[in-house]
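Per-entry structural report
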Amino acid sequence: MNIRNIYPPAPKKKIRRAEIIRAARWPFFLAAVCCILLDLKSGHLSWSLIVAAALYTVWTMIVSPDLVEVNAISIMIKTSAWVCVILFAIQKAASWRGAWDVVSIICSSSMIVSFVLFVSDYSDQRHNTLPMIVLCIVTLSFSVPSFIGREGAGKWFYGVSGIIAAAVFIASLIILGRSFFRELGKRFHTK
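Because the structure is predicted, anything quoted here is derived from the model rather than measured. (Residues numbered from 1 in each chain as written. Predicted model: local features only at pLDDT ≥ 70, side-chain atom pairs only at ≥ 80, totals over all residues. Heavy atoms only, no water.)

1. Comments concerning the side chain of serine 172
As a reminder of what qualifies: Under the DSSP-based scheme used, a helix requires at least four consecutive residues in state H or I and a strand at least two consecutive residues in state E, with every element numbered from the N terminus. Working definition: with a 1.4 Å probe on protein chains only, accessible area under 20% of the residue-type maximum means buried, over 50% means exposed, and in between means partly exposed. In what follows, residue pairs with any heavy atoms lying within 4.5 Å of each other are defined as contacts.
Along the chain, the position of serine 172 falls in helix α7 (residues 155-176). Serine 172 gets classed as buried once you look at its relative accessible area, which sits at 0%. Once residues lying within four places of it in the same chain are set aside, the contact partners of serine 172 are Phe115, Phe118, Met132 and Ile133.

Structure follows, in structure tokens:
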């Protein structure tokens, strides 16, 4: 049996990109290992968390981004999620108490931008709303208890974040209507 290759050869740009990713993998890995070893030697492992989170963020967002489910809403939410992870690492390393306030601002702004992207291109983006809905639920789940349990001037961050999350969630459900449950069924293959 004679098998004939009918696929076109890979473009040079794609081959070059694969070579760059393969070559960049080791410097990224070496930088993370060196930071961990230096932090182990100094006795403070927390700073390597910041470096590892930042390296992984750069890797997943720039060097080797996702090729599946690439859309504006997912990219926006993934970027804000990694920024929040870096902020948590900074909070852990530097005992910075303002990280939660900044995280609530980042979540609020990413929900607003995602909702604007969703509404401005409804026909294409209606299939991509699940990350935005998940962000709304996660934001509500941390902002409501933080608003109730927090005292002082920083309390309003969480109140505004919770209001924005609830508004985006409800508006998304109203705009999507019954198609939300169809999209949810497609995502989780309930049929």
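Continuing now.
2. Observations concerning helix α6 (residues 130-149)
The condition is simple: One fewer than the residue count of a helix, multiplied by 1.5 Å, yields its expected span.
An ideal rise of 1.5 Å per residue puts 28 Å on 20 residues; α6 measures up with 29 Å between its terminal C-alpha atoms. Of all the residues in α6, the buried ones are Leu130, Met132, Ile133, Leu135, Cys136, Thr139, Phe142 and Ser143.

3. Details of the packing of helix α3 (residues 72-94) against α6
The line we're drawing: Fitted lines through C-alpha atoms serve as axes, helices being fitted only where they are in contact, and the angles separating the N-to-C directions of these axes extend from 0 to 180 degrees. Following the grouping adopted for this structure description, the nonpolar residues are Ala, Val, Leu, Ile, Met, Phe, Trp, Tyr, Cys and Pro, the charged ones are Asp, Glu, Lys and Arg, and the polar ones are all others, Gly among them.
The N-to-C vectors of α3 and α6 enclose an angle of 35 degrees; their axes lie 8 Å apart at closest approach. On α6, the residues touching Ile73, Ser74 and Ile77 of α3 are Pro131, Met132 and Leu135. The class makeup of the residues in the contact of α3 with α6 is five nonpolar, one polar and no charged.

4. Some remarks on the state of the cysteines
Two cysteines, two sulfur atoms, one covalent bond between them: this is a disulfide. We apply this condition: Any cysteine sulfur atom paired with another within 2.5 Å is treated as part of a disulfide.
By the definition in use, this model includes zero disulfides. Sulfur of cysteine 35: no disulfide; nearest cysteine sulfur belongs to cysteine 34 and is 7.0 Å away. Classification of cysteine 35 by relative accessible area gives partly exposed; the value is 22%. For the unlinked cysteine cysteine 84, the closest cysteine sulfur is that of cysteine 107, found at 4.3 Å.

5. A look at the domain arrangement of the protein chain
The line we're drawing: What counts as a domain boundary in this text is fixed by an automatic or database domain assignment. Once two parts are brought into contact, the accessible area they lose, counted with a 1.4 Å probe and summed over both, makes up the buried area. Any Lys or Arg side-chain nitrogen found within 4 Å of a carboxyl oxygen on Asp or Glu counts as a salt bridge. Side-chain atoms alone can form a polar contact between residues adjacent in sequence; in general such a contact is a pair of N or O atoms within 3.5 Å, and within protein one must be able to donate a hydrogen while the other accepts it.
What the domain assignment reports for the protein chain is domain 1 (15-65) and domain 2 (72-191). On the side of domain 2, eleven residues touch domain 1, which itself brings ten residues to the contact. Interface of domain 1 and domain 2: buried area, both sides summed, is about 870 Å²; carbon and sulfur atoms make up 83% of it. For domain 1, the biggest contributors to the area lost against domain 2 are Ile50, Thr57 and Met61; these three give 47% of the whole. In this assembly, domain 1 and domain 2 are joined by zero salt bridges. If you look at where domain 1 meets domain 2, you find zero residue pairs in polar contact (both at pLDDT 80 or more).

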